[in-house]
Amino acid sequence: MLLRRLSVLLALAIAAAMSVGVTAAPSRAAGGPSYAPLNRPGPRLSVPAARLRASMQCHGDPRRGPEPVLLDPATTATPQQNYSWNYELAFDAQHRYWCAVTMPYHTTGDIQTVGEYLVHGIRVMHQRTGRRIGILGHSQGGMSMRWALRFWPDTRAMVDDVIGMAGTNHGSTAFGQACLAGLTTCAPAMWQQRAGSAFVKALNSRAETFKDISYTEIYTHLDEVVTPTNGPHPTSALSTGAGRITNVAVQSICPAVLDEHVTIGTIDPVAYALVMDALDHRGPAVPSRIDRSKVCGRLYMPYVDPTNVSMYLTVLQMLPGLAAADLPVVDPWEAPMTRHEPALRCYVYAAGCAR
């Protein structure tokens with residue numbers, strides 16, 4: 001698995017040629033009655049305010065331009081590594097206001113804490129722009145914004161679009177092969193993104209989506225990290241709740257697409273077209289609006305420059321983190337490694353937190 005991912009990045013670094021189905025939303029059972037009611041106000045944020053403020057980087061005019069976007073990074077990545085050489089350049093060219101949040105431990109720590117950073121980011125962007133925002137994320141970043149929306153209901157009125165690229169919405173069966181309770185140590189985010197984890201059950205409890213928010217969930221059948229990607233229940237796909245949902249595999253638009261987990265969130269032109277369609281229209285992306293003649297023959301999304309040496313240096317910075325994702329017993333970012341999944345916090349449950 002690791003060799004395959006590194007080979008994709010190496011091919012990118014030498015500018016080798018790369019080529020790059022809408023699924024019916026599956027039926028999933030809602031969470032049990034032990035979880036918090038959907039509309040109970042969220043708890044006070046526990047992360048110090050100064051740390052939350054320092055985590056945000058923003059660019060552009062918040063009061064002008066198309067829909068603002070909050071960028072949410074993948075596990076083991078910073079926003080700079082994930083987005084500075086692709087989506088940030090695109091948004092700058094569009095005069096689109098964007099902010100990115102840098103998470104602790106290169107996004108390998110407790111995702112419940114990541115949720116607090118996102119709550120802060122959503123509130124700040126909404127206050128600055130006076131508009132509802134879009135949230136774009138890759139891998140963990142394609143899922144973690146949903147923790148903020150689930151347990152801090154005030155944020156829902158501030159968000160127009162949730163767009164995930166290979167989001168771990170229902171966990172991954174791949175992580176379960178390496179993180180074995182009581183036997184191996186893993187970073188908190190690895191435990192929490194296993195299929196069937198307590199975190200995943202709480203995340204999807206009672207409702208996966210919310211009214212007046214559009215959800216565009218993009219995935220690839222060649223993803224070797226976020227699995228399963230085929231069959232009736234792709235792990236990235238959403239189904240329950242009152243939100244408007246599009247679940248779409250890039251191969252349903254361009255069958256020859258070869259992009260896997262890393263490249264779908266960084267260079268894939270089909271994913272980019274779907275992201276832009278969601279941001280520039282009411283509701284989620286509509287795959288039939290994508291012009292296949294313009295995207296299926298492209299090697300990269302717009303603004304990715306294969307002659308830019310600094311881009312390759314940025315990609316190479318991600319390699320230690322990519323190794324950690326395939327070997328969860330190793331974490332170069334010094335997250336607190338544990339033999340078990342972190343406990344769910346009291347606000348997750350119907351009983352709430354003792355006063």
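Preceding this paragraph is the structure being described.
Each value, and the rule that gives it
Residues numbered from 1 in each chain as written. Predicted model: local features only at pLDDT ≥ 70, side-chain atom pairs only at ≥ 80, totals over all residues. Heavy atoms only, no water. Salt bridge = Lys/Arg side-chain N within 4 Å of Asp/Glu carboxyl O. Helix = DSSP H or I, 4+ residues; strand = E, 2+ residues; numbered from the N terminus. Buried < 20%, exposed > 50% of the residue type's maximum accessible area, 1.4 Å probe, protein only. Core = buried A, V, L, I, M, F, W, Y, C linked by side-chain atoms within 4.5 Å. Contact = heavy atoms within 4.5 Å. Disulfide = S-S within 2.5 Å. Expected span 1.5 Å × (residues − 1). Polar contact = N/O pair within 3.5 Å; in protein donor to acceptor, adjacent residues only side chain to side chain. Pairing = 2+ DSSP bridges. Axes fitted to C-alpha atoms, helices over the stretch in contact; angles between N-to-C directions.

What to know about the pattern of salt bridges
Right, so step 1: Enumeration over the complete set of coordinates arrives at 7 salt bridges.
Right, so step 2: Between arginine 96 and aspartate 280 there is a salt bridge, and its shortest N-O distance comes to 3.1 Å. Taken together, the residues arginine 96 in the loop between helix H4 (87-93) and strand E3 (98-101) and aspartate 280 in helix H10 (residues 269-280) connect sequence positions 184 residues apart.
Right, so step 3: The class of aspartate 280 is partly exposed, set by a relative accessible area of 45%.
Right, so step 4: A salt bridge links glutamate 116 to arginine 345; the shortest N-O distance between them is 3.4 Å. One end of the pair, glutamate 116, is in helix H5 (residues 111-129); the other, arginine 345, is in the segment after helix H13 (319-326), and 229 residues separate them in sequence.
Right, so step 5: Among the charged side chains, a network of salt bridges with common partners joins Asp110, Glu116 and Arg345.

Some thoughts on the nonpolar core
Right, so step 1: Leu70, Ile122, Trp147, Phe151, Val159 and Val348 are the most contacted members of the largest nonpolar core, which totals 43 residues.
Right, so step 2: When residues of this core are traced back to their parent elements, those giving at least two are E3, H5, strand E4 (133-138), helix H6 (145-151), strand E5 (159-165) and helix H8 (198-203).
Right, so step 3: Here the element with the most residues in this core is H5; it accounts for 8 residues.
Right, so step 4: Other than its neighbours up to four places away in sequence, valine 159 contacts Ile122, Arg132, Ile133, Ile135, Leu149, Asp212 and Ile213.

Regarding the state of the cysteines
Right, so step 1: Evaluated as defined, the whole model comprises 4 disulfides.
Right, so step 2: Between the sulfur of cysteine 179 and that of cysteine 186 lies a disulfide, 2.2 Å long from S to S. Between cysteine 179 and cysteine 186 the disulfide shows an S-S torsion of about -110°. By sign, it is left-handed. Like cysteine 186, cysteine 179 is buried.

Details of H10
Right, so step 1: Taking 1.5 Å of rise per residue, 12 residues should cover 16 Å, and H10 covers 16 Å from first to last C-alpha, within 8% of that figure.
Right, so step 2: Taken as a whole, H10 has its buried residues at Pro269, Val270, Ala271, Tyr272, Ala273, Leu274, Val275, Met276, Asp277, Ala278 and Leu279.

Quick word on the side chain of threonine 240
Right, so step 1: Here threonine 240 is to be found in the loop between strand E6 (214-219) and strand E7 (244-249).
Right, so step 2: A polar contact is formed between the side chain of threonine 240 and the backbone nitrogen of glutamate 208, at a distance of 2.9 Å.

Looking at the side chain of serine 197
Right, so step 1: Within the secondary structure, serine 197 sits in the loop between helix H7 (188-192) and H8.
Right, so step 2: A relative accessible area of 3% means that serine 197 is categorised as buried.
Right, so step 3: A distance of 2.8 Å separates a polar side-chain atom of serine 197 from the backbone oxygen of glutamine 192.
Right, so step 4: Once you skip the residues sitting within four places of it in the chain, serine 197 turns out to touch Trp191, Gln192 and Glu341.

A look at the sheet that holds E6
Right, so step 1: An order of E1-E3-E2-E4-E5-E6-E7 is seen for the 7 strands of this open sheet, with the pairing classed as mixed. A single partner strand is all that each edge strand has here, and the edge strands are strand E1 (56-59) and E7. Mean inter-strand twist for the sheet, computed between neighbouring axes without regard to direction, equals 15°.
Right, so step 2: In the sheet, strand E2 (residues 69-72) pairs with E3 via 3 bridges, with the strands oriented parallel. Paired with leucine 70 across the strands is cysteine 99, a residue of E3.
Right, so step 3: Set on the sheet, H10 makes contact with E2, E4, E5, E6 and E7; between it and E5 the angle comes to about 170°.

As for the pairing of E5
Right, so step 1: The buried fraction of E5 amounts to 7 of the 7 residues, a majority that puts the element mostly inside the structure.
Right, so step 2: Relative to E5, E4 runs parallel, the two being bridged by 6 bridges. Its bridge partner being in E5, leucine 136 is matched across the sheet by isoleucine 163.
Right, so step 3: Pairing of E5 with E6 involves 5 bridges; the strand directions are parallel. Across the sheet, isoleucine 163 pairs through a bridge with threonine 216, a residue of E6.

Overview of the environment of tyrosine 117
Right, so step 1: Here tyrosine 117 shows up in helix H5.
Right, so step 2: C-alpha of tyrosine 117 to C-alpha of methionine 103: the two residues are 14 residues apart in sequence and 7.4 Å apart in space.
Right, so step 3: Leaving out residues up to four positions away in the same chain, tyrosine 117 has contacts with Val47, Arg51, Leu52, Ser55, Val101, Thr102, Met103 and Pro104.

With respect to H5
Right, so step 1: If you check H5, its first and last C-alpha atoms are 26 Å apart, about what 19 residues at 1.5 Å a residue would give, namely 27 Å.
Right, so step 2: Of all 19 residues making up H5, 15 are buried, and the element is well covered by its neighbours.
Right, so step 3: Structurally, the start of H5 carries an N-cap: the backbone nitrogen of glutamine 112 is 2.8 Å from a side-chain oxygen of aspartate 110.
Right, so step 4: Directly after H5, the chain includes glycine 130, whose backbone phi takes a positive value near 70°.

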